Amino acid sequence: MSKLPWKPWHQVVQLRPDLLTGELSMTQFAADLYDVVMDRGSSVYRTPYEFFSLTYPTYNLRELAKDVVHRLAGKSDKAVRQLELTYGGGKTHTEITLFHLVRDPASLPDLPTVHEFRQHIGMTPPKTKVAVLPFDKIDVEKGMEVPGPNGVLRWLRHPWSILAYQIAGSEGLRLLHADFKDEERDGAPAEPLLVDLLSIPRNEDLSVLILIDEVMTYAYDKIALDPPWRGRLKNFFQYLTQAVTKLDRCSIIASLLASEPSKNDAFGKEIAQEIFTIFRREREEGIQPVVKEDVGEILRRRFFVPDSIRDSQAFRPNVVATLQGVTALDDPTKKEGNAAEQRYLASYPFHPDLTEVLYTKWTQLEGFQRTRGVLRTFALALRDAAKWDQSPLVGPNVFLTEPGKPGVSAAAREVSDVASKEEYEGKRQEWDKILEGELAKARTIQEEMSGLNFREVEQAVLATFLHSQPVGHRASLRDVTLLVSPAR
Ligand SMILES: Nc1ncnc2c1ncn2[C@@H]1O[C@H](COP(=O)(O)OP(=O)(O)OP(=O)(O)O)[C@@H](O)[C@H]1O
Ligand SMILES: [Mg+2]
């Protein structure tokens, strides 16, 4: 191939070494609150330095941090907040952000992201006792092991005990027990008892933050196993939200959804509705911590070496080169002028329409989990494509196989598997087979034609596929043109 009028994208931005060597396991794209509390698992989430290096403080996330800190400082009525119901949308990441921000505010790392949070919040967070209820980790029979205030771990079975022990250790359990025993009780404690419990940290001038995640994962199985728990759990959440509302330096952030879609059947929906109603009574509007416009920046922070993405001016030559290709074929983009340039710059090295299609159309597929789905898909694609891709930016090109290799790439297989799980009018499609067939035809056409140096027909196959999901959507000629034209 003759000399390119641009640098391939992987020479403009540098992939993180852990991504390239394949050590980056896919579980790293699932934030785990319990691991953070137990101080184990991926350091990406556990260590404040690594965590804030990778975290993009989206507007909604900063707003939430501000509200929560103000509440913990006794300056706000917004006691109970609920994270909106999207799969893989950043709910747990948001809870971990709050955990690190308030647990030991004096030792926060000196990082731009931390400064952005501080600036936005407008005050230093008060030192806070944080208790967590990651319900996906509470076994319906054995419960969960949690650390008390002195760090001593203890296995406890019921959610209120797990909460009480984190807040006040054995003293917390005794306070809830009818005979002041250091033992568990079987029913939900009433509001006044919870008020007393949550007041204990005030003796050490600590505020209280309770982080609740994945309620439905537990509720579904627990109630199926033992139906009276339906009432017990409802009572617990009812009394807990009331208690928290009464105490001025206390807050709850809750995410109810089970990340496992199978818990979303009729039975699950019924229970979920009851619990939502309890949290909704106290709650302000739901919070969506990551919105579509944030995805570009999140992807950048997760995949590339910080030094290589610090100066967005360095992306400009590639954006200009890209737009030369696009505007030659697409008048609307040409008319957009500077606005188009800003859009491409903001999402560089990702083609803005590629993240858009994944975030808008693909997130309607049950198996594709929003931010996580986009992260997983690109992790596979970039790792492979960085070895051979010559394109100015990340578009459908990264879903191709290495030049000369037949079949379907790992990344394309990942997305086609998601699509193949969907039922449409009672039927499933084997999308990987369809893609394989179409890509083989595309290669034959490319061999017969000169001038298609960037495997444009294969790219068109992928662009068409990506735009045509979920079934019922279609790819317009313009959709395909926009995705394929950057390499001219
Ligand atoms: N603001 C952010 N900055 C950087 N990465 C983020 C941000 N928000 C979310 N992520 C990343 O996106 C991925 C998905 O987020 P997370 O696991 O929090 O989603 P979730 O809503 O809890 O999903 P689920 O419904 O499956 O539990 C994780 O890898 C997480 O670290
Ligand atoms: Mg989660």
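Residues numbered from 1 in each chain as written. Chains lettered and ligands numbered in written order. Predicted model: local features only at pLDDT ≥ 70, side-chain atom pairs only at ≥ 80, totals over all residues. Heavy atoms only, no water.

Regarding the overall build of the protein
Stage number 1. Scanning the protein from terminus to terminus reveals 24 helices and 6 strands.
Stage number 2. Computed over its C-alpha atoms, the radius of gyration of the protein comes to 25 Å, within 12% of the 23 Å expected for a compact globule of 488 residues.
Stage number 3. Split into buried and exposed, the 488 residues of the protein put 56% on the buried side.
Stage number 4. Summarising the internal contacts of the protein: among those between residues at least 6 apart in sequence, 73% fall at separations of at least 24.
Stage number 5. Positive and negative charge centroids in the protein, built from 62 and 69 side chains respectively, lie 2 Å apart. (Helix = DSSP H or I, 4+ residues; strand = E, 2+ residues; numbered from the N terminus. Rg over C-alpha atoms; globule rule 2.2 N^0.38 Å. Buried < 20%, exposed > 50% of the residue type's maximum accessible area, 1.4 Å probe, protein only. Contact = heavy atoms within 4.5 Å. Lys, Arg positive; Asp, Glu negative; His and termini not counted. Charge placed at Lys NZ, Arg CZ, Asp CG, Glu CD.)

Notes on the pattern of salt bridges
Stage number 1. Per the counting criterion, the structure on display carries 30 salt bridges.
Stage number 2. Each of Arg230, Lys234, Glu270 and Glu274 takes part in salt bridges that share partners, so that together they form one network. (Salt bridge = Lys/Arg side-chain N within 4 Å of Asp/Glu carboxyl O.)

Here we look at unusual backbone geometry
Stage number 1. Cis geometry marks the peptide bond from Tyr348 to Pro349; its omega dihedral reads 5 degrees.
Stage number 2. Tracing the backbone through its elements, the reader meets Pro349 in the loop between helix H18 (338-347) and helix H19 (352-360).
Stage number 3. The peptide bond linking Gln469 to Pro470 adopts the cis configuration, its omega dihedral lying at -15 degrees.
Stage number 4. Assignment of secondary structure puts Pro470 in the loop between helix H23 (456-467) and helix H24 (477-484).
Stage number 5. Notably, Glu214 is not glycine yet its phi reads approximately 60 degrees, a positive angle.
Stage number 6. A positive phi angle, close to 55 degrees, is found at Arg455, a residue other than glycine.
Stage number 7. Tracing the backbone shows Arg455 in the loop between helix H22 (431-448) and H23.

Comments concerning the pairing of strand E5 (residues 207-213)
Stage number 1. With 7 of 7 residues buried, E5 lies mostly within the body of the structure.
Stage number 2. Burial along E5 is two-sided: the face carrying Ser207, Leu209, Leu211 and Asp213 and the face carrying Val208, Ile210 and Ile212 are both buried.
Stage number 3. Both strand E2 (residues 128-134) and E5 contribute to a ladder of 7 bridges, which runs parallel. Bridge pairing links Val130 to Leu209 in E5. (Pairing = 2+ DSSP bridges.)

Overview of the sheet that holds E2
Stage number 1. Read from one edge of the open sheet, 4 strands run E1-E6-E5-E2, paired in parallel fashion. The sheet is open, and its two borders are formed by strand E1 (80-82) and E2, each paired with just one other strand. Direction aside, neighbouring strands of the sheet carry axes that sit 15 degrees apart on average.
Stage number 2. With 5 bridges joining them, E5 and strand E6 (residues 250-254) adopt parallel strand pairing. Residue pairing in the sheet places Leu209 in a bridge with Ser251 of E6. (Axes fitted to C-alpha atoms, helices over the stretch in contact; angles between N-to-C directions.)

Structural notes on the nonpolar core
Stage number 1. By size, the foremost hydrophobic cluster in this structure holds 63 residues, and its most contacted members are Trp9, Phe303, Trp362, Phe378, Leu382 and Phe399.
Stage number 2. Residues Ile167, Val195, Val208 and Phe237 belong to the second largest nonpolar core, which totals 54 residues. (Core = buried A, V, L, I, M, F, W, Y, C linked by side-chain atoms within 4.5 Å.)

Here's the deal with the environment of Ala190
Stage number 1. Along the chain, Ala190 falls in the loop between helix H9 (159-176) and helix H10 (191-199).
Stage number 2. Each C-alpha atom, one on Ala190 and one on Leu240, is 8.3 Å from the other, the two residues being 50 residues apart in sequence.

Points about the packing of aromatic side chains
Stage number 1. Evaluated as defined, the whole model comprises 17 aromatic pairs.
Stage number 2. Centroid distance Phe135 to Tyr218: 5.3 Å. Interplanar angle 50 degrees. Geometry classified as tilted. A residue pair is termed long-range when its members are at least 10 positions apart, and Phe135 in the loop between E2 and strand E3 (144-147) and Tyr218 in helix H11 (residues 215-225) qualify at 83 residues.
Stage number 3. A residue is classified by how much of its surface remains accessible, and Phe135, at 1% relative accessible area, is buried. (Phe/Tyr/Trp six-rings, centres within 6.5 Å; stacked < 30°, edge-to-face > 60°.)

Digging into the pairing of E2
Stage number 1. Among the 7 residues that make up E2, 7 are buried, leaving the element largely enclosed by the rest of the structure.
Stage number 2. Alternating residues of E2 divide into Thr128, Val130, Val132 and Pro134 and Lys129, Ala131 and Leu133, and every residue in both groups is buried.

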